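# Structural description and commentary
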Amino acid sequence: MITIFNRKELISTYDMKKQAEVRDLLSQFKIPYSINVINRKSPSPFDAGSRARTGTFGENLELEYQYIIFVRKVDYEKADAVISGKIK
């Protein structure tokens, strides 16, 4: 089980394809992981109506979602080697 106390960030990306590839590699090597998906365009609790007023004109929509993949600290070295291509 991965908790906030025993996890380490493996990768952070805005690319959906890359996060899917990393998750597939981790699954192939049976390395447990957890993923946090953050919507960077969601309204702020301090200014809930800002998106409705400003819209998304001129913003890069590829940066809308951030994917953060965590692994257990004891699995970090192996997971890093797997996604770096050092282990096939």
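Residues numbered from 1 in each chain as written. Predicted model: local features only at pLDDT ≥ 70, side-chain atom pairs only at ≥ 80, totals over all residues. Heavy atoms only, no water.

### So, the overall build of the protein chain
For the protein chain, the helix and strand inventory stands at three helices and three strands. Counting all 88 residues of the protein chain, 23% fall into the buried class. Excluding contacts between residues fewer than 6 apart, the proportion of contacts in the protein chain whose partners are at least 24 apart in sequence is 83%. Of the accessible surface of the protein chain, which amounts to about 6400 Å², a share of 53% is contributed by carbon and sulfur atoms. (Helix = DSSP H or I, 4+ residues; strand = E, 2+ residues; numbered from the N terminus. Buried < 20%, exposed > 50% of the residue type's maximum accessible area, 1.4 Å probe, protein only. Contact = heavy atoms within 4.5 Å. Areas by Shrake-Rupley, 256 points an atom, 1.4 Å probe, with all protein chains shown as cover.)

### Observations concerning the pattern of salt bridges
Enumeration according to the criterion identifies one salt bridge in this entry. Note that Asp75 is salt-bridged to Arg72, the shortest N-O span being 2.8 Å. On the basis of relative accessible area, Arg72 is assigned to the partly exposed category, the value being 26%. (Salt bridge = Lys/Arg side-chain N within 4 Å of Asp/Glu carboxyl O.)

By themselves, these observations are geometric and do not establish any function.
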